[in-house]
Amino acid sequence: GMPMYTYSELEGFAKVIQDRSEHKPSVGIICGTGLGGLADVLEHKTVIPYSDIPHFPVSTVKGHHGQFVLGKMKGKTVICMQGRFHLYEGYPAWKIASPVRVMSLLGVKTLFITNAAGGMNKNYNVGDVMIIKDHLFFPGLAGMNPLVGPNMSQFGERFISTSHLYDAGLRKLARDIAKEIGCSDFVQEGVYAMVGGPSFESPAELRLLNLTCDVVGMSTCPEAITAKHCGMRVFGMSLVTNKCLMDVDLTEEDAPNHVEVLETGKLREEILQELVTKVVEKMDNY
Ligand SMILES: Nc1nc2ncn(CCNC(CO)CO)c2c(=O)[nH]1
């Protein structure tokens, strides 16, 4: 594809946003499929469609708006991505992750990434929320890593560790808040597997992924790695929107589809908003 964004192009994207909004965000939120409601709770909102930013990618998936929303949440200044990008849309990993570098240039120090995912762990139920403690970035293992190519040392080092990619303090805080608001029954903590998509995984692929992972999706890893590269604290959370068909002999009606992914997002929207809002409120003490 076309050459990657240069540092000055990324600065140009940040400038378009700075010229449109007084907000100086310290927190970034990437809203997953059907989870765009997270941006609705912001106060004093500024909305900037991706299409208003020259040469910036645009979302092409049902359930994704395609805009930045800046505003206040519990005293913190937040920038939300309502609509994100995916490998299956044909975007390379570096382009999917470029909004994270723009957020870094705007001053974001902590990134919350949410997504919809299929449950592989048999103890998980549709509607569960899984705090991500680690990931299996399958496409990344095959070279579709957002950091491939010349290292942009303005953001970070050439070779970064991902041993502690999902911040332990924020995970502890999220578990404590889940207890506090009484939703521990359906708040899990586990490992996220990323596949490229757009086809859903075969039973054989699911059984392989389930050796180390609890849920599977088609996003999140490129953004998490890029956030770590530029020194952000990262918090990831999956909404389990369906149970995966782990064996070819299971009946057809369990097969995943996009409609149930969107519907489950609506079901749990309030809880997700409450969880994220409370973690944002208390995160500086963890
Ligand atoms: N088996 C399975 N179930 C899932 N439910 C949600 N997603 C996340 C992908 N969501 C796509 C299609 O809904 C839209 O981004 C998946 C997935 O990748 N695999």
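Residues numbered from 1 in each chain as written. Predicted model: local features only at pLDDT ≥ 70, side-chain atom pairs only at ≥ 80, totals over all residues. Heavy atoms only, no water.

*Asks:* So what's going on with the nonpolar core? Which residues, and what values?
*Replies:* Ile17, Phe68 and Met103 are the most contacted members of the largest nonpolar core, which totals 48 residues. Residue contributions to this core peak at 7 residues, all from helix α2 (residues 93-106). Formed by 31 residues, the second largest nonpolar core is a distinct cluster that contains Leu38, Val129, Leu170 and Met283. (Core = buried A, V, L, I, M, F, W, Y, C linked by side-chain atoms within 4.5 Å. Buried < 20%, exposed > 50% of the residue type's maximum accessible area, 1.4 Å probe, protein only. Helix = DSSP H or I, 4+ residues; strand = E, 2+ residues; numbered from the N terminus.)

*Asks:* Outline the side chain of Arg268, supporting the account with residue identities and numerical values.
*Replies:* Following the sequence through the fold, Arg268 ends up in helix α7 (residues 258-282). Look at Arg268: it is buried, it has no salt bridge, and the nearest opposite charge is Asp128 at 5.4 Å. At 2.6 Å, the side chain of Arg268 forms a polar contact with the backbone oxygen of Gly127. Once residues lying within four places of it in the same chain are set aside, the contact partners of Arg268 are Gly127, Phe186 and Leu239. (Lys, Arg positive; Asp, Glu negative; His and termini not counted. Salt bridge = Lys/Arg side-chain N within 4 Å of Asp/Glu carboxyl O. Polar contact = N/O pair within 3.5 Å; in protein donor to acceptor, adjacent residues only side chain to side chain. Contact = heavy atoms within 4.5 Å.)

*Asks:* Provide a residue-level description of the packing of helix α1 (residues 7-20) against α2, including the pertinent values.
*Replies:* Packing of α1 against α2 brings their axes to within 9 Å, and their N-to-C directions diverge by 65 degrees. Classified by the angle their axes make, α1 and α2 are roughly perpendicular. Of the two elements, α1 crosses α2, and the hand of that crossing is right-handed. In this structure, α1 uses Tyr7, Leu10, Glu11, Phe13, Ala14, Ile17 and Gln18 to contact α2, whose residues at the interface are Ser98, Arg101, Val102, Leu105 and Leu106. Each residue belonging to the contact of α1 with α2 can be placed in one class, and the counts come to 8 nonpolar, 2 polar and 2 charged. (Axes fitted to C-alpha atoms, helices over the stretch in contact; angles between N-to-C directions. Parallel < 35°, antiparallel > 145°, perpendicular 65-115°, else oblique. Left-handed = near helix turned anticlockwise from the far one by under 90°. Nonpolar A, V, L, I, M, F, W, Y, C, P; charged D, E, K, R; others polar.)

Nothing here speaks to function; it is all geometry.
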